[in-house]
Amino acid sequence: MSTRPARSAGSARRAVQPRPLPVDGGLGPSCVALPPGGWATVLDFLAERFPMVARGDWLARMAAGRVLAGDGSRLDAATPYRRDLRVWYYREWAEEAPVPFQETVLFQDEQLVVADKPHFLPVMPSGRHVRETLLVRLKHRLGLDTLVPVHRIDRETAGLVVFSVQPATRGAYQRLFAERAVRKHYEAIVRWPPPAPLPAVYRSRLESVFMRSETVDGEPNAETAIAVREVRGGHALLDLAPHTGRKHQLRAQLHALGVPIVGDGIYPLLRPEGADDFAEPLRLLARGIGFDDPVTGEARHFRSELALAWPGGSGVLAPD
């Protein structure tokens, strides 16, 4: 007999509720249940709840039939606010800037998709980045609406990202990462030389502070193996094997060791939002990933086909 806890009535309704809007170019619709409040209209709520979208944009979406109630009826500027009404819409950003680099699908079967992500492309929709994300691009390209990443890398980092295809087996792959049963290999080009010899294994405690991870006193919660592969003048190429997966772990730890990664827009100084320089990416690459497949039992190993460019060259990634 299954020991899985029974779903609540609310979650069961959400699971079976059909989507009144289709997937559009890889972008699935989002849903918000209206909370208690004194808004006069649904439009008033949306304009206040999502200030990054102009009121006029919501009006245009409503006129185009892209904001619907759960029963498929169209909502307009005069639709009165009603608590618990489910509103379906597309997350869109009218002025979303294109990322001028292309992802590559390295592997695909019934369970997994593995992609090589370029610099500057987020894995998931967030904030201003919606359609120009790896997930939405791959859904559109492969026609797989069930695709979900089982881990993430920073928008600024390039390299391997693993996606689950089947909802029924997704949890098994996600647990691999949660339980640290995945072998990860990164490469980074850093400023050189360091103020002191680099340790073979570096352990530190990182705490999230706003957009950064700060090194603080206390029991270490971040561990990375470090090896120097090549030195060229004022830069070095490092091989990195993180045992843990803290936010910005490699970037923060290398900065703390006095060898920040070339092109980093957060460590040591936070670059203003929207100040991306496509010719000068973060020199950090998720090069390799390996694990024992929990579904097929196979030993999986994937390797990025990209290579970091040394400073002074084009700055962009090139085939390995």
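In this report, we go over the structure that sits alongside the text.

Conventions and cut-offs
Residues numbered from 1 in each chain as written. Predicted model: local features only at pLDDT ≥ 70, side-chain atom pairs only at ≥ 80, totals over all residues. Heavy atoms only, no water. Salt bridge = Lys/Arg side-chain N within 4 Å of Asp/Glu carboxyl O. Helix = DSSP H or I, 4+ residues; strand = E, 2+ residues; numbered from the N terminus. Buried < 20%, exposed > 50% of the residue type's maximum accessible area, 1.4 Å probe, protein only. Pairing = 2+ DSSP bridges. Axes fitted to C-alpha atoms, helices over the stretch in contact; angles between N-to-C directions. Contact = heavy atoms within 4.5 Å.

1. Regarding the pattern of salt bridges
- All chains considered together, the criterion is met by 22 salt bridges.
- For the salt bridge of Arg 55 with Asp 44, the shortest nitrogen-to-oxygen distance reads 2.8 Å. Pair noted here: Arg 55 is in helix 3 (residues 55-63) and Asp 44 is in helix 2 (residues 42-49), with a separation of 11 residues, a long-range link.
- Residue Asp 44 is classed as partly exposed on the basis of its relative accessible area of 22%.
- Asp 84 is the salt-bridge partner of Arg 83, the closest N and O atoms lying 4.0 Å from each other. For the pair shown, Arg 83 and Asp 84 are each scored as exposed.
- Salt bridges linked by common partners bring Glu 103, Glu 132, Arg 137 and Arg 141 together as one network.

2. Focus on the sheet that holds strand 2 (residues 67-69)
- Strands sit in the order 1-3-2 across an open sheet of three strands; the sheet is antiparallel. Of all strands in the sheet, those with a lone pairing partner are strand 1 (30-33) and strand 2, marking the two edges. The average undirected angle you get between the axes of adjacent strands in this sheet is 25 degrees.
- Alignment of strand 1 against strand 3 (residues 86-89), held across four bridges, turns out to be antiparallel. Bridging from a neighbouring strand, Ala 33 pairs with Arg 86 of strand 3.

3. Quick notes on the environment of Pro 122
- The topology assignment puts Pro 122 in the loop between strand 5 (112-117) and helix 4 (134-142).
- The class of Pro 122 is buried, set by a relative accessible area of 8%.
- Residues contacting Pro 122, with those up to four places away along its chain left out, are His 129, Glu 132, Thr 133, Leu 134 and Arg 155.

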